[in-house]
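# Breakdown of the fold
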Amino acid sequence: KAQEVLEDARRTWKRQSEAYASRVRADAEEAFRAELSRLRGAHASAEAGLRSRVEELEAALERAAVACPLRVADLDPRARHVGVRNPSSMDISLAGWSLQARPSGRVCWFPDDFVLAGGARLSVWWGPSAASRHGPAHNSFRWEACEASGAPHDALLGARGAEAGAGVDLVDPNGDVVHSLAPAASPACSP
């Protein structure tokens, strides 16, 4: 009879331990599923947050591209000089940028490897005395070096810049005028 009681106790212990193991396994699986669901939700939320942040940064980049800080700072037909400044703290590559004279239509393309540092300015000179004033190391260029043209120096802006519509346009690599200046006039942003 003791043997039967012992066997009965073993069977009962085995059933109870299997039931306990089954409950522990079920609880662990439920906890795992809950944690997995929480992590998936957190991942989706983080992904949505990152996607939103990327969209914000892309929009900021577009606004920055539209609101380029480069400006035609001064234009002096008598001194045969155009100044361009970068009032921002960012260095800006001038690859593909140009100055276009009105009414002559002459163009001065900046060297593709030229970068105008934040806070810096550059000068473009034309005419006979321009030869001694240019060089990328000095942020200074000759208009004639930018464009081979047989036009007389004074023809750049018309009769010494006195013609109606005379001025200089700063043109970005997309061909958009980002800033304009007429002789003896205050700067005017283009639309």
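Reading the values: the criteria
- Residues numbered from 1 in each chain as written.
- Predicted model: local features only at pLDDT ≥ 70, side-chain atom pairs only at ≥ 80, totals over all residues.
- Heavy atoms only, no water.
- Buried < 20%, exposed > 50% of the residue type's maximum accessible area, 1.4 Å probe, protein only.
- Helix = DSSP H or I, 4+ residues; strand = E, 2+ residues; numbered from the N terminus.
- Pairing = 2+ DSSP bridges.
- Salt bridge = Lys/Arg side-chain N within 4 Å of Asp/Glu carboxyl O.
- Core = buried A, V, L, I, M, F, W, Y, C linked by side-chain atoms within 4.5 Å.
- Axes fitted to C-alpha atoms, helices over the stretch in contact; angles between N-to-C directions.

With that settled, the discussion passes to the pairing of strand β9 (residues 167–171). Within β9, five of the five residues are buried, which leaves the element mostly enclosed by the surrounding structure. Here β9 shows two buried faces, one formed by Gly167, Asp169 and Val171 and the other by Val168 and Leu170. With five bridges connecting them, strand β4 (residues 98–102) and β9 associate as antiparallel partners. By the bridge assignment, Ala101 is partnered in β9 with Val168. Across four bridges, β9 lies against strand β10 (residues 177–181) in antiparallel orientation. The residue bridging Asp169 from the neighbouring strand is Ser180, located in β10. Hairpin connection, β9 to β10: the antiparallel pair is bridged by five residues, and Gly175 has positive phi, about 90°.

Here the focus is the pattern of salt bridges. Under the counting rule described, the total for this entry stands at seven salt bridges. Its salt-bridge partner being Glu7, residue Arg10 comes within 3.1 Å of it at the nearest N-O pair. Remark: Glu7 and Arg10 occur in helix α1 (residues 2–66); sequence separation between them is three residues, near one turn of the helix. The shortest N-O distance in the salt bridge between Arg33 and Glu29 comes to 3.8 Å. In this pair, Arg33 and Glu29 both sit in helix α1, four residues apart, roughly one turn of the helix.

On to the nonpolar core, then. The biggest cluster of nonpolar side chains holds 23 residues, and the ones touching the most others in it are Leu94, Leu99, Phe110 and Leu170. Residue assignment for this core shows that the elements contributing at least two residues are β1 (71–76), β2 (81–85), β7 (121–125), β9 and β10.

Turning to the sheet that holds β1, a few remarks are in order. Ordered in space as β1-β2-β7-β8, the four strands form an open sheet in which the pairing is mixed. Edge strands, defined here as strands with exactly one partner in the open sheet, are β1 and β8 (140–142). Across this sheet, the average inter-strand angle for adjacent strands is 20°, counted without regard to direction. Strand direction decides the pairing type here: β2 and β7, joined by five bridges, are antiparallel. Bridge pairing in β7 places Arg85 opposite Arg121.

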